[in-house]
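Spelled out from the first residue to the last, the chains are:
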Amino acid sequence: MEEAYVAIEGGIVLTGRSRAPGTARGELVFTTAYTGYEESLTDPSYAQQVLTFSYPLIGNYGVRDERFESENVQPSAVLARELTDDVAEWLTEAGVPALDRLDTRDVVTELREEGAMKCGIAAGPDASPEAAREQLEQCKGMSEHVDIGADVSVTEPVRHEGGEYEIALIDCGAKGSIVSSLLDRGASVTVLPYDATPDDVREVDPDLLFLSNGPGDPANFEAAQELVDTFVGDLPIAGICLGQQVVARALGGSTAKMAFGHRGVNQPVRDLDSDRVVMTTQNHGYAVTEPGELDVTQINVNDDTPEGLESDELGVLTRQYHPEANPGPHDSLDFFDEVLELAGTTRVAATAD
Ligand SMILES: NC(=O)CC[C@H](N)C(=O)O
């Protein structure tokens, strides 16, 4: 058996079995999702992170590219109790190191007690604990990846022809399901780079500006914040996850890093108006701490963090969780109906002029 090593801040080095060779580093995180590994592993929000699956068996229904949320495997490395050969082969081909036969309960307990940590990985024939430690030494903190958007965003506009409503989607690392959820409901979507300028948005002449999910610290997405600042009040604005964080920051709010984040497919969220609780998919390590000009309309049942922000007056609607699911429950898909309704208000206003 080829050994593999995970060096964690604080001096711990864990030993496992190499399932895909190589060295890597990143922020060590865990997801409690018990299904949807194909979607999680291709979610660009995981860039620069080492993803630990707390569910013990990963890969038991194969690897199908129609489930992928982007073209690449996005975490810098993968840890699990047991990975099937299918998944190990996929990660080997993708050049993403992977380890199994780890007690992932120890990893999760350590993260829950100590908070987010950096780690270094070495797997395969040349692996050694020293090589893992060297990776750890070179590992940057999440917020130090100041241009992380460049690693995950389109570089040119990409148009998806659909129905009558025009949506400009700022790609900070967008999951494919966000685009398809909008197209399915009768929108045309133009995906713009994470650093798009106000003129790039004007060229699309959208009915709504949509800020996507994405990796890293929302404070590093300054161009996207400027778009919100420029268009708020003139165009309706929607956002998911990093999108919510960017919108809140642009409108006088603030964000902060959480202890170890929310990652899973059964995070309970309460809607404050209806008092209804839904199960949601989540994947975030930062949270909105002050909503600025927006109202908090939904909160996390476990820790009261803001899950939905809205302003009728400004035409803003955001979610911290992932209504598009993939993986996870479909309980919140109606968010996209509300987004389309909001886009429709631009048309009504234009007709009335
Ligand atoms: N899924 C996301 O958009 C994640 C947002 C942000 N990178 C965070 O960790 O909080």
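Remember, it's a predicted structure, so these values are computed and weren't measured experimentally.

Reading guide: rules and limits
- Residues numbered from 1 in each chain as written.
- Predicted model: local features only at pLDDT ≥ 70, side-chain atom pairs only at ≥ 80, totals over all residues.
- Heavy atoms only, no water.
- Helix = DSSP H or I, 4+ residues; strand = E, 2+ residues; numbered from the N terminus.
- Rg over C-alpha atoms; globule rule 2.2 N^0.38 Å.
- Buried < 20%, exposed > 50% of the residue type's maximum accessible area, 1.4 Å probe, protein only.
- Contact = heavy atoms within 4.5 Å.
- Areas by Shrake-Rupley, 256 points an atom, 1.4 Å probe, with all protein chains shown as cover.
- Lys, Arg positive; Asp, Glu negative; His and termini not counted.
- Charge placed at Lys NZ, Arg CZ, Asp CG, Glu CD.
- UniProt positions renumbered as here; feature names shortened; annotations may be inferred.
- Domains from an automatic or database assignment.
- Buried area = accessible area lost by both parts, 1.4 Å probe.
- Salt bridge = Lys/Arg side-chain N within 4 Å of Asp/Glu carboxyl O.
- Pairing = 2+ DSSP bridges.
- Axes fitted to C-alpha atoms, helices over the stretch in contact; angles between N-to-C directions.
- Phe/Tyr/Trp six-rings, centres within 6.5 Å; stacked < 30°, edge-to-face > 60°.
- Core = buried A, V, L, I, M, F, W, Y, C linked by side-chain atoms within 4.5 Å.
- Near = heavy atom within 4 Å.
- Nonpolar A, V, L, I, M, F, W, Y, C, P; charged D, E, K, R; others polar.
- Parallel < 35°, antiparallel > 145°, perpendicular 65-115°, else oblique.
- Left-handed = near helix turned anticlockwise from the far one by under 90°.

> How do you make sense of the overall build of the protein when you look at a structure like this?
Helix and strand counts for the protein stand at ten helices and 19 strands. Rg of the C-alpha trace for the protein: 20 Å, near the compact-globule value of 20 Å for 353 residues, within the 12% margin. Buried residues in the protein amount to 59% of all 353 residues. Within the protein, contacts between residues separated by at least 24 positions form 69% of all contacts whose residues are at least 6 apart in sequence. Of the roughly 14,400 Å² of accessible surface on the protein, 43% is carried by carbon and sulfur atoms. Treating the 23 positive side-chain charges of the protein as one cloud and the 65 negative ones as another, the clouds have centres 7 Å apart.

> Mind showing me how you'd approach the UniProt feature "active site" (unreviewed entry) in the protein here?
Following the UniProt record, one finds the feature "active site" (unreviewed entry) at Cys241, His322 and Glu324. For the annotated residues, spread through 84 residues, the largest C-alpha to C-alpha distance comes to 11.1 Å, consistent with a single compact locus. Within the secondary structure, Cys241 sits in the loop between strand 14 (237-240) and helix 9 (242-250). The exposure class of Cys241 is buried, given its relative accessible area of 3%. The residues contacting Cys241, other than those within four sequence positions of it, are Asn213, Asn283, His284, Arg319, Gln320, Tyr321 and His322.

> Before we go on, may I ask you to explain the domain arrangement of the protein in this structure?
The extent of an interface is frequently quoted as the accessible surface area lost upon association of the parts. Each domain of the protein was delimited in the assignment, giving domain 1 (3-140) and domain 2 (149-352). Spacing between the C-alpha centres of domain 1 and domain 2 amounts to 28 Å. Across the contact, 25 residues belong to domain 1 and 20 residues belong to domain 2. Between domain 1 and domain 2 the total buried area reaches about 1,800 Å² when both faces are included, carbon and sulfur atoms providing 51% of it. When residues of domain 1 are sorted by the area they lose upon contact with domain 2, Pro44, Ser45 and Glu69 head the list and together hold 30% of the total. The interface formed by domain 1 and domain 2 includes one salt bridge. Between Lys257 and Glu27 there is a salt bridge, with its nearest N and O atoms 2.6 Å apart. Contributions of two or more residues to the side of domain 1 that touches domain 2 are made by strand 3 (22-31), helix 1 (37-41) and helix 3 (104-114). In terms of residue count, strand 3 provides more of the side of domain 1 that touches domain 2 than any other element does, four residues in total.

> Can you help me understand the sheet that holds strand 9 (residues 117-123) in this one?
Strand pairing in a sheet is mediated by backbone hydrogen bonds. Such pairs are either parallel or antiparallel. Read once around its circumference, the closed barrel built from seven strands follows the order 1-2-8-6-4-3-9, with strand pairing classed as mixed. In this sheet, adjacent strand axes meet at a mean angle of 35° when their direction is disregarded. In this fold helix 2 (residues 85-94) packs onto strand 2 (12-20), strand 6 (77-79) and strand 8 (98-100), with an angle of close to 95° to the strand it touches most, strand 2. Across the sheet, helix 4 (residues 129-138) lies against strand 1 (3-8), strand 2, strand 3 and strand 9, angled at about 145° from strand 9, the strand it touches most.

> Looking at this structure, how should I read the packing of aromatic side chains?
One pass over the structure, following the stated rule, counts six aromatic pairs. Look at Tyr37 and Tyr61: their rings are 4.5 Å apart centre to centre, the planes differ by 35°, and that puts the pair in the tilted class. Highlighted residues: Tyr37 in helix 1 and Tyr61 in the loop between strand 5 (57-58) and strand 6, separated in sequence by 24 residues. Assessed through its relative accessible area of 2%, Tyr37 is described here as buried. Taking 5.3 Å as the distance between ring centres and 75° as the angle between the ring planes, the aromatic pair formed by Phe335 and Phe336 counts as edge-to-face. Taking relative accessible area as the criterion, Phe335 reaches 2% and is therefore assigned buried. These aromatic residues form a ring-pair network of at least three members: Phe210, Phe335 and Phe336.

> Just checking my understanding: could you explain the nonpolar core for this structure?
Nonpolar side chains in soluble globular proteins generally cluster together in the buried interior. Ile170, Val201, Leu209, Leu211, Phe221 and Val247 are the most contacted members of the largest nonpolar core, which has 31 residues in total. Mapped onto this core, the elements with two or more residues apiece are strand 11 (165-171), helix 7 (198-204), strand 13 (208-211), helix 8 (222-231), helix 9 and strand 16 (277-290). Element by element, the count of residues in this core is highest for helix 9, at five residues. The next biggest cluster of nonpolar side chains, apart from the first, holds 21 residues, and it includes Ile167, Val189, Phe210 and Val339.

> Could you clarify how one ought to interpret the site of the ligand in this entry?
Residues in close proximity to the ligand total 13 residues, the closest being Gly214, Gly216, Asn283, Gly285 and Tyr286. Burial of the ligand by the protein chains amounts to 98% of its free accessible area of 290 Å². When residues of the shell around the ligand are traced back to their parent elements, those giving at least two are helix 9 and strand 16. The class makeup of the residues in the shell around the ligand is four nonpolar, nine polar and no charged.

> So what exactly am I meant to see when it comes to the packing of helix 8 against helix 9 here?
Relative orientation and spacing of two packed helices are given, respectively, by the angle between their axes and the distance between those axes. Contact pair helix 8 / helix 9: the axes reach a minimum separation of 8 Å and the direction vectors enclose 60°. When the axes of helix 8 and helix 9 are compared, the pair comes out oblique. When the axes of helix 8 and helix 9 are compared, the crossing they make is right-handed. Along its contact with helix 8, which presents Ala224, Gln225, Val228 and Asp229, the element helix 9 presents Val246, Val247, Arg249 and Ala250. Each residue belonging to the contact of helix 8 with helix 9 can be placed in one class, and the counts come to five nonpolar, one polar and two charged.

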